Amino acid sequence: MRLILLGPPGSGKGTQGAWLSSRYGIPAISTGDILREAVRQGTELGKKAKRYMDAGELVPDEVIIGLIEERLSEPDCAKGFILDGFPRTVPQAEALEELMNRRGWPLDAVLSLEVPDDEIVQRSVNRRVCEKCGRVFNLLTDPPPPDGKCPVCGGRIIQRDDDNEETVRARLRVYNEQTAPLKEYYEKRGKLIRVDGVGSIEEVRSRIEAALKQVAE
Ligand code: AP5
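Rules and cut-offs
Residues numbered from 1 in each chain as written. Predicted model: local features only at pLDDT ≥ 70, side-chain atom pairs only at ≥ 80, totals over all residues. Heavy atoms only, no water. Helix = DSSP H or I, 4+ residues; strand = E, 2+ residues; numbered from the N terminus. Rg over C-alpha atoms; globule rule 2.2 N^0.38 Å. Buried < 20%, exposed > 50% of the residue type's maximum accessible area, 1.4 Å probe, protein only. Contact = heavy atoms within 4.5 Å. Areas by Shrake-Rupley, 256 points an atom, 1.4 Å probe, with all protein chains shown as cover. Core = buried A, V, L, I, M, F, W, Y, C linked by side-chain atoms within 4.5 Å. Axes fitted to C-alpha atoms, helices over the stretch in contact; angles between N-to-C directions. Parallel < 35°, antiparallel > 145°, perpendicular 65-115°, else oblique. Left-handed = near helix turned anticlockwise from the far one by under 90°. Expected span 1.5 Å × (residues − 1). Arc of directions from axis to C-beta. Phe/Tyr/Trp six-rings, centres within 6.5 Å; stacked < 30°, edge-to-face > 60°. Lys NZ or Arg CZ within 6 Å of the ring centre and 35° of its normal. Pairing = 2+ DSSP bridges.

1. Considerations on the overall build of the protein chain
Along the protein chain, the regular secondary structure elements total nine helices and eight strands. Here the C-alpha atoms of the protein chain give a radius of gyration of 17 Å, agreeing with the 17 Å that 2.2 N^0.38 yields for 217 residues. Summarising its shape, the C-alpha atoms of the protein chain cover approximately 45 × 40 × 35 Å along the three principal directions. In the protein chain, buried positions account for 45% of the 217 residues. A separation of at least 24 residues holds for 69% of the contacts in the protein chain among residues at least 6 apart in sequence. Carbon and sulfur atoms provide 49% of the accessible area of the protein chain, an area that totals close to 11,100 Å².

2. Some points on unusual backbone geometry
With an omega dihedral of -5 degrees, the bond running from F86 to P87 counts as a cis peptide bond. Here P87 lies in the loop between β3 (81-84) and α5 (90-103).

3. Let's talk about the nonpolar core
Counting 30 residues, the largest nonpolar core has L72, F81, L83, L96 and Y186 as its most contacted members. Counting residues per element, the ones that place at least two in this core are β1 (2-6), α3 (44-55), α4 (61-72), β3, α5 and α8 (181-188). Setting aside residues up to four positions removed in sequence, L72 forms contacts with I29, C77, F81, L83, L96, L99, R103 and W105. If you look at the next biggest cluster of nonpolar residues, it comprises 13 residues, including L3, L20, L113 and I208.

4. Regarding the packing of helix α1 (residues 13-24) against helix α9 (residues 201-216)
Remark: α1 packs on α9, axes separated minimally by 11 Å, with the N-to-C direction vectors making an angle of 50 degrees. With respect to each other, α1 and α9 are oriented oblique. With respect to the hand of their crossing, α1 and α9 are arranged in right-handed fashion. Facing α1, whose interface residues are T15, Q16, W19, L20, R23 and Y24, α9 presents I201, V204, R205, I208, E209 and L212.

5. A word on α5
Think of an α-helix as 3.6 residues a turn; residues three or four steps apart then line up on the same face. An ideal rise of 1.5 Å per residue puts 20 Å on 14 residues; α5 measures up with 20 Å between its terminal C-alpha atoms. All of the buried residues in α5 are Q92, A93, A95, L96, L99 and M100. Buried residues of α5 fall within an arc of 160 degrees about the axis and therefore sit on the same side. Those residues of α5 that are exposed and aimed more than 90 degrees away from the buried face are N101 and R102. Close packing links the buried residues of α5 with β1, α4, β3 and α8. Of the residues flanking the end of α5, it is G104, one or two places downstream, whose phi is positive at about 70 degrees.

6. Let's talk about the packing of aromatic side chains
In this structure the tally under the stated criterion is two aromatic pairs. Each ring, one from Y185 and one from Y186, has its centre 5.0 Å from the other, and the planes form 80 degrees; the classification is edge-to-face. Residue Y185 is classed as buried on the basis of its relative accessible area, which comes to 9%. Above the ring of Y52, the side-chain terminus of R51 is found at 4.7 Å from the ring centroid. Above the ring of F137, the side-chain terminus of R135 is found at 4.3 Å from the ring centroid.

7. What to know about the sheet that holds β3
Here five strands make up an open sheet; going across it, the order is β2-β3-β1-β4-β8 and the pairing parallel. Each edge of the open sheet carries a strand with a single partner, namely β2 (28-30) and β8 (192-196). Neighbour-to-neighbour, the strand axes of this sheet turn through a mean angle of 25 degrees, independent of strand direction. With three bridges joining them, β2 and β3 adopt parallel strand pairing. By the bridge assignment, S30 is partnered in β3 with D84. The strands touched by α9 within the sheet are β1, β4 (109-114) and β8, with β8 carrying the most contacts at an inclination of about 155 degrees.

This is the structure:
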């Protein structure tokens, strides 16, 4: 299975990607997580990416395309993968298409999670994440334990630097201008499946399951 999860910031790509990864036994690859880890480790990539991320802007295409080419060359991607947060621009989508054609990898589907802007802001400002393993929580719908420690790995639970309202609104603007056009790109290729992303995490998961049954048939 080779899937792309498309959707505005905070639409649930990471949440649903984690479940899809265990369901299909393939990696969920989040360019945002890779960049945040690079920032945490203070690598050259992290230094370059941080100022874009803090402003809610996209990291330049050439940086991201190189990073994803490297990640998709790893052996765990041979059987399939779920891409969360990539591609985000038409040049990124073209580079991915070229890479997948070169390797003879068909794309199964692009799931577009549809969530209105006001709910996006609510979800994002209330999100908390484990600094170590990336487990996602939400103060309103899935609160972290009161001791502030991740129940999975014991890591510290924090708020992402870009999860304040001003930056979330900037990320939404960037999404609408640069990423939303990818819906048309994949619709033309017959790959786009729109999924209503409003409702409980389980309800959205069931809609995704139903959509993917059609793909597998
Ligand atoms: P990235 O980390 O990819 O951020 P994003 O796309 O903005 O997406 P998020 O991680 O914010 O949200 P999500 O959709 O995964 O939602 P989640 O499941 O956590 O990118 C960060 C930055 O890195 C970018 O701004 C950019 O600078 C850079 N970058 C990354 N990729 C790039 C690329 N390809 N090109 C250029 N730059 C790139 O859910 C959100 C919250 O809602 C959680 O608290 C969750 O618990 C809750 N929730 C989830 N589902 C539900 C539900 N159904 N009901 C209620 N609450 C829910």
